[in-house]
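Fold and contact review
For reference, the chains in residue letters:
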Amino acid sequence: MQLQNLIEVHLDVPRLAKDLDEIGHAARLWSVRQWTRANMATLWDATKGFRRLSLDDYVPAALSPHVEVIHHGKNSLPAHTHFQKRFCKPTLPGFEGTLIGFNFQTLSPVTGPGYFVTHSSAQPGEIDIDYTMLPNEKPRTWPEIVSNSSRLGRFVYHGMIDVMRGISTHVSIGRAMKKHGFMDAWFVLVREDPQLAS
């Protein structure tokens, strides 16, 4: 069964979440990459309050600081739709309750790495990927931290917050927001468990 049918033909978020949990990483990733802009918009609205997210959904609690966790992304743009968000726990004191991360994608040389700080949202059960905050540290292998207002990043990341809602254990959906409000820009993330990372 095409999981897309659980969005387009008969919206059934609990069944979609169950099926996503029961298939493997490769099948999950293939499935969400079939989702359209309209699918993502529908799921964003439908998942409000459905599955509460925590930072553990992005970096499992058992992992040490600076251990990278990759989330594979598909966005609603007409081109350059595949990307990764890479997360880890910080090491510095005073930053408990946050994660740090950056974007890995083909346009990074011109947009910059798009560093962010991830924290709980004002809306309970949602998570903010916050580009208005820059980390003060990074793992050794990550790119240099640069301002999100530099390069073409000022048109992509500057002033932006991605608000995330949960779908399943590994899958979450986000919508971009800037100071004027939510944008018509959605994306879905699929967590790759660290032992599967290549």
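Look up: the structure comes first, before these words.
A brief structural summary.

Quick notes on the rules
Residues numbered from 1 in each chain as written. Predicted model: local features only at pLDDT ≥ 70, side-chain atom pairs only at ≥ 80, totals over all residues. Heavy atoms only, no water. Buried < 20%, exposed > 50% of the residue type's maximum accessible area, 1.4 Å probe, protein only. Helix = DSSP H or I, 4+ residues; strand = E, 2+ residues; numbered from the N terminus. Pairing = 2+ DSSP bridges. Salt bridge = Lys/Arg side-chain N within 4 Å of Asp/Glu carboxyl O.

Turning to the pairing of strand β7 (residues 171–178), a few remarks are in order. Most of β7 sits out of view: seven of its eight residues are buried. Both strand β6 (residues 161–166) and β7 contribute to a ladder of six bridges, which runs antiparallel. Among the inter-strand pairings, Ile-161 is bridged to a residue of β7, identified as Met-177. Count of turn residues in the β6/β7 antiparallel hairpin: four residues. Where β7 and strand β8 (residues 181–191) come together, seven bridges link them in antiparallel fashion. Bridge assignment links Val-171 to a residue of β8, and that residue is Val-190. Linking β7 back to β8 in an antiparallel pair, the connection comprises two residues.

Another point: the pattern of salt bridges. One pass over the structure, following the stated rule, counts eight salt bridges. Between Asp-162 and Lys-85 there is a salt bridge, with its nearest N and O atoms 3.5 Å apart. Here the residue Asp-162 occupies a position in strand β6, and Lys-85 occupies one in strand β2 (residues 82–88), the gap between them amounting to 77 residues. Each of the two residues, Asp-162 as well as Lys-85, counts as buried.

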